[in-house]
Amino acid sequence: MAGLFNRGVRVWDRTPYSHGELIFSDGMSGSSSFVDGGVRLKKIIYSSDRWDFFKVEGKDEATARQWFIDHAGQPYDVAGITGCVIGPIPEDKNKSFCTEAIMAALGYSDPWRFRPGIIPSLYQQIHFSELKK
């Protein structure tokens, strides 16, 4: 079921991305996962042939980690991620999907706006702009 849903997110969003993780300096990963039942911190062994990695700069790691600790067990927001695909669905502040959790932990406003494909696109735009200066 999760594989089919992830494929649908990638196709609808026209991106290779359907999930995101925030990796901390000690190797722990924070996200909200449908498979894991919601917000959590856990150790994941990543393979570079299946993941892309982007360095987050200028954010306080301790604050981001605390967000995941404070929200651990919060349910996965199926309606929210579906809303990224089919259109606006009212925000549920008691649930999070993966990139919504990541952006909330990093202190961004309106984190529900950040679907999986938009973060890599924004990152690339920002860093390409800096290279052009």
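Summarised in this report is the structure supplied together with it.

## Looking at the overall build of the protein
Scanning the protein for helices and strands turns up five helices and three strands. Overall, the protein shows an N-to-C arrangement of helices and strands of α-β-β-β-α-α-α-α. The 133 residues of the protein split such that 33% are buried. Looking at the protein alone, contacts between residues at least 24 apart form 51% of all its contacts between residues at least 6 apart. Accessible surface for the protein amounts to roughly 8,500 Å². Of this, 56% is attributable to carbon and sulfur atoms.

## Notes on the environment of Thr99
Structurally, the position occupied by Thr99 is in helix α4 (residues 98-105). A polar contact of 2.4 Å, which involves the side chain of Thr99, links it to the backbone oxygen of Phe114.

## Describing the side chain of Ser31
Counting through the fold element by element, Ser31 comes out in strand β2 (residues 28-33). A polar contact of 2.6 Å, which involves the side chain of Ser31, links it to the backbone oxygen of Gly20. Dropping the residues within four chain positions of it, Ser31 is found in contact with His19, Gly20, Glu21, Gly38, Val39, Arg40, Phe68, Cys98 and Ala101.

## Examining unusual backbone geometry
We note that Asp110 has phi near 50°; this positive angle belongs to a residue other than glycine. Here Asp110 lies in the loop between α4 and α5 (118-132). Accessibility expressed as a relative area gives 36% for Asp110, which makes it partly exposed.

## A word on α4
In terms of burial, α4 is a largely internal element, seven of the eight residues being buried. Of the residues making up α4, those classed as buried are Cys98, Thr99, Glu100, Ala101, Ile102, Met103 and Ala105. After α4 finishes, the residue Gly107 shows a positive phi value of roughly 90°.

## Here's the deal with the nonpolar core
By size, the foremost hydrophobic cluster in this structure holds 12 residues: Leu22, Phe24, Val39, Ala64, Trp67, Phe68, Ala101, Ile102, Met103, Ala105, Leu106 and Phe114. When contributions to this core are tallied by element, the ones reaching two or more residues are α2 (61-71) and α4. No other element matches the four residues that α4 contributes to this core. Among all residues touching Phe24, those that are not within four sequence positions of it are Gly30, Leu41, Glu61, Ala64, Arg65 and Phe68.

## What about a nonpolar patch on the surface?
Among the surface-exposed residues, Phe34, Val35 and Val78 lie close enough to one another that they form a single nonpolar patch of about 290 Å² accessible area. Within the secondary structure, Phe34 sits in the loop between β2 and β3 (38-43). The exposure class assigned to Phe34 is partly exposed, which follows from its relative accessible area of 44%.

## Some thoughts on the packing of aromatic side chains
Any pair of aromatic rings gets described here by the distance separating the centres and the angle formed by the planes. For the coordinates displayed, the defined rule picks out seven aromatic pairs. Look at Tyr46 and Trp51: their rings are 4.9 Å apart centre to centre, the planes differ by 90°, and that puts the pair in the edge-to-face class. Of the aromatic side chains, those joined through ring pairs into one cluster are Phe24, Trp67 and Phe68. The side chain of Lys59 reaches across the aromatic face of Tyr108, ending 4.3 Å from its centre. Over the aromatic face of Phe24 sits the side chain of Arg65, whose NZ or CZ is 4.7 Å from the ring centroid.

Reading the values: the criteria
Residues numbered from 1 in each chain as written. Predicted model: local features only at pLDDT ≥ 70, side-chain atom pairs only at ≥ 80, totals over all residues. Heavy atoms only, no water. Helix = DSSP H or I, 4+ residues; strand = E, 2+ residues; numbered from the N terminus. Buried < 20%, exposed > 50% of the residue type's maximum accessible area, 1.4 Å probe, protein only. Contact = heavy atoms within 4.5 Å. Areas by Shrake-Rupley, 256 points an atom, 1.4 Å probe, with all protein chains shown as cover. Polar contact = N/O pair within 3.5 Å; in protein donor to acceptor, adjacent residues only side chain to side chain. Core = buried A, V, L, I, M, F, W, Y, C linked by side-chain atoms within 4.5 Å. Patch = residues over 30% accessible without salt bridge, like charges linked within 9 Å, V, L, I, M, F, W, Y side chains within 5 Å. Salt bridge = Lys/Arg side-chain N within 4 Å of Asp/Glu carboxyl O. Phe/Tyr/Trp six-rings, centres within 6.5 Å; stacked < 30°, edge-to-face > 60°. Lys NZ or Arg CZ within 6 Å of the ring centre and 35° of its normal.

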